[in-house]
Amino acid sequence: MITIRIVETQLSRLFADGEVPGFIHLSVGQEAVAAGLGGVLRATDTVASTHRGHGHALAKGISLDDFFFELMARDEGICRGRGGSMHVANLSIGMLGANAIVGASVPIALGSALSHQVAGSDAIAVAFFGDGAMAEGVLHESLNMAALWQLPLLFVCENNGWAEFSPTAEQFVADLKNLANAFGIPHAKVNGNQVLEVEQAGQQAVAAIRAGQGPYVLECMTHRWRGHYEGDPQKYRDASELELLGDHDPVMLFQRVLREYGIPDEEIEQMRVAVHAQVEGAVERARQGTLPVWADACRDVYAHTIEVRHG
């Protein structure tokens, strides 16, 4: 969680300074979901993420160097800097990618789950989505198909109460539990700011899926600290809500737990300093990376053609 928090904070500064191109959507405040589930998944499991997917990518195992090379649009990036923030991916570790389209991670994970099933593997697929995606038809279709075929698919809803710029309650009338029940899929709701609760619920869900019990829906109630996108003035949010966000800080909540187990604050601070140095080092290496060559950009867009002459 500390790594994700420091990375996101660093990205905010880099974006403001023009060192990260495009748009970025930060997951500050939602770190417990990515970290809690990241420790449950295996290397062979696959993850499809959202536009707010930096934490998912890091928790799945993307290295800091690969991450910053990609987001800072360097040729050494995982996707040669072409994926950037909203399409960061590394198929070699099962990170199928972030996605700029609301709900689009779900059918990708569905297909991956089908692949695992056909291959006879005990791997599972995970579809991260926000509560804004609950109104998307593709989620309903995917719930239906996953239940029909009893696919090894974990649906993870990061419910932060907002569908981009609108309260989710003003966009979607139903409840995710009832939606899951309509398709006969088990559902669990947890405090998404408590990393141990997320981890425990994740373990139970993943164990059931690996045992062949079909799909599972895990709803993690959390909070989005920043705007929909970085630079969003958030004029649609009440000031009192923003003032209380610190009460739900997943990092500080877990630090209290660690204190109860006898872990001193000094040790946690040492960890924070060490992670900060790792992040700074990755950023500096990315700054020294190779800038993309415009002429190379089209090479992966169109297939090579061969002129064939007859006669």
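What comes next concerns the included structure.

Rules and cut-offs
- Residues numbered from 1 in each chain as written.
- Predicted model: local features only at pLDDT ≥ 70, side-chain atom pairs only at ≥ 80, totals over all residues.
- Heavy atoms only, no water.
- Helix = DSSP H or I, 4+ residues; strand = E, 2+ residues; numbered from the N terminus.
- Polar contact = N/O pair within 3.5 Å; in protein donor to acceptor, adjacent residues only side chain to side chain.
- Contact = heavy atoms within 4.5 Å.
- Buried < 20%, exposed > 50% of the residue type's maximum accessible area, 1.4 Å probe, protein only.
- Pairing = 2+ DSSP bridges.
- Right-handed = clockwise from strand over helix to strand, strands pointing away.
- Axes fitted to C-alpha atoms, helices over the stretch in contact; angles between N-to-C directions.
- Parallel < 35°, antiparallel > 145°, perpendicular 65-115°, else oblique.
- Left-handed = near helix turned anticlockwise from the far one by under 90°.
- Nonpolar A, V, L, I, M, F, W, Y, C, P; charged D, E, K, R; others polar.
- Disulfide = S-S within 2.5 Å.
- Core = buried A, V, L, I, M, F, W, Y, C linked by side-chain atoms within 4.5 Å.
- Salt bridge = Lys/Arg side-chain N within 4 Å of Asp/Glu carboxyl O.

## What to know about the side chain of Arg74
Then comes step 1: By the secondary structure assignment, Arg74 is in the loop between helix H4 (64-71) and strand E2 (95-97).
Then comes step 2: In this structure the side chain of Arg74 is engaged in a polar contact, spanning 3.0 Å, whose partner is the backbone oxygen of Ala286.
Then comes step 3: Beyond its immediate sequence surroundings of up to four residues, Arg74 is in contact with Phe69, Arg80, Gly81, Ala286, Arg287, Gly289, Thr290 and Leu291.

## Quick notes on the pairing of strand E8 (residues 216-221)
Then comes step 1: By the criterion of burial, E8 is predominantly enclosed, with five of the six residues buried.
Then comes step 2: Pairing of strand E4 (residues 153-159) with E8, which is carried by six bridges, proceeds in the parallel orientation. Note that in E8 the partner of Leu154 across the bridge is Tyr216.
Then comes step 3: Considered for its hand, the β-α-β crossover made up of strand E7 (residues 187-191), helix H8 (residues 195-210) and E8 is right-handed.

## Describing the sheet that holds E4
Then comes step 1: Pairing within the open sheet is parallel, and its six strands lie in the order E2-E1-E3-E4-E8-E7. The open sheet has two free edges, formed respectively by E2 and E7, since each of these has just one partner strand. Looking at each pair of strands side by side, their axes are set apart by 20° on average, direction ignored.
Then comes step 2: As paired strands, strand E1 (residues 46-48) and E2 are joined by two bridges and run parallel to one another. Across the sheet, the residue bridging to Val47 is Met95, located in E2.
Then comes step 3: Helix H2 (residues 31-38) contacts strand E3 (125-130), E4 and E8 of the sheet and is inclined by roughly 160° relative to E4.
Then comes step 4: Lying on the sheet, helix H6 (residues 137-149) is in contact with E3, E4 and E8; it crosses E4 at an angle near 150°.

## Here we look at the pairing of E4
Then comes step 1: Among the seven residues in E4, seven count as buried, and that is most of the element.
Then comes step 2: In E4, alternate side chains face the same way, and those of Leu153, Phe155, Cys157 and Asn159 on one face and Leu154, Val156 and Glu158 on the other are all buried.
Then comes step 3: Here E3 runs beside E4; their pairing, made up of six bridges, is parallel. The partner of Val126 across the bridge, within E4, is Leu154.
Then comes step 4: Assessed by its sense of winding, the connection that carries the chain from E3 through H6 to E4 is right-handed.

## Examining helix H10 (residues 250-260)
Then comes step 1: Taken together, the buried positions of H10 are occupied by Pro250, Val251, Leu253, Gln255 and Val257.
Then comes step 2: Summarising the contacts, the buried residues of H10 are in contact with helix H1 (2-16), H2, H8 and helix H11 (265-287).
Then comes step 3: Between the side-chain oxygen at the start of H10 and the backbone nitrogen of Val251 there is a gap of 2.9 Å, and the oxygen is on Asp249.
Then comes step 4: A positive phi of about 90° marks Gly262, the residue just after H10.

## Some remarks on the packing of H1 against H11
Then comes step 1: With their axes 9 Å apart at the nearest point, H1 and H11 run at an angle of 45° to one another. Of the possible angle classes, the one that applies to H1 and H11 is oblique. The hand of the H1/H11 crossing is right-handed. Of H11, the residues touching H1 (which contributes Ile2, Thr3, Ile6, Val7, Gln10, Arg13 and Leu14) are Ile268, Met271, Arg272, Val275, His276, Val279, Glu280, Val283 and Arg287.
Then comes step 2: Split into classes, the residues belonging to the contact of H1 with H11 amount to nine nonpolar, three polar and four charged.

## What to know about the state of the cysteines
Then comes step 1: Overall, the coordinates contain zero disulfides when judged by the stated rule.
Then comes step 2: Cys220 carries a free sulfur, and the closest cysteine sulfur to it, the one in Cys157, is 8.0 Å from it.

## Here's the deal with the nonpolar core
Then comes step 1: Counting 54 residues, the largest nonpolar core has Leu11, Phe67, Phe68 and Leu154 as its most contacted members.
Then comes step 2: The dominant element in this core, judged by the number of residues it contributes, is H8, at seven residues.
Then comes step 3: Sequence-distant contacts of Phe68, that is, excluding residues within four places in its chain, are made with Val7, Leu11, Leu14, Val279, Ala282, Val283 and Ala286.
Then comes step 4: Core analysis: the second largest hydrophobic core is formed by 24 residues, Met134, Cys157, Ala180 and Val217 among them.

## Observations regarding the environment of Glu219
Then comes step 1: One can find Glu219 in strand E8.
Then comes step 2: For the pair Glu219 and Ala201, spaced 18 residues apart in the sequence, the C-alpha separation amounts to 9.7 Å.
Then comes step 3: With residues near it in sequence (within four places) discarded, Glu219 still touches Cys157, Asn159, Leu176, Lys177, His187, Ala188, Lys189 and Val190.
Then comes step 4: One polar contact links Glu219 to His187, side chain to side chain, over a distance of 2.9 Å.

## Side note on the pattern of salt bridges
Then comes step 1: Taken as a whole and judged by the stated rule, the model has eleven salt bridges.
Then comes step 2: In this structure, Arg5 and Asp249 form a salt bridge, with 2.9 Å as the shortest nitrogen-oxygen distance. Here Arg5, found in helix H1, pairs with Asp249, found in the loop between helix H9 (239-243) and H10; they are 244 residues apart in sequence, far enough to count as distant. One exposure class covers both Arg5 and Asp249, and it is buried.
Then comes step 3: Note that Glu269 and Arg272 form a salt bridge whose closest N and O atoms lie 3.3 Å from each other. Of this pair, Glu269 and Arg272 both sit in helix H11, separated by three residues, roughly a single helical turn.
Then comes step 4: You can call Arg272 partly exposed: its relative accessible area is 25%.

So far we have only geometry, and geometry alone does not tell us how the molecule works.
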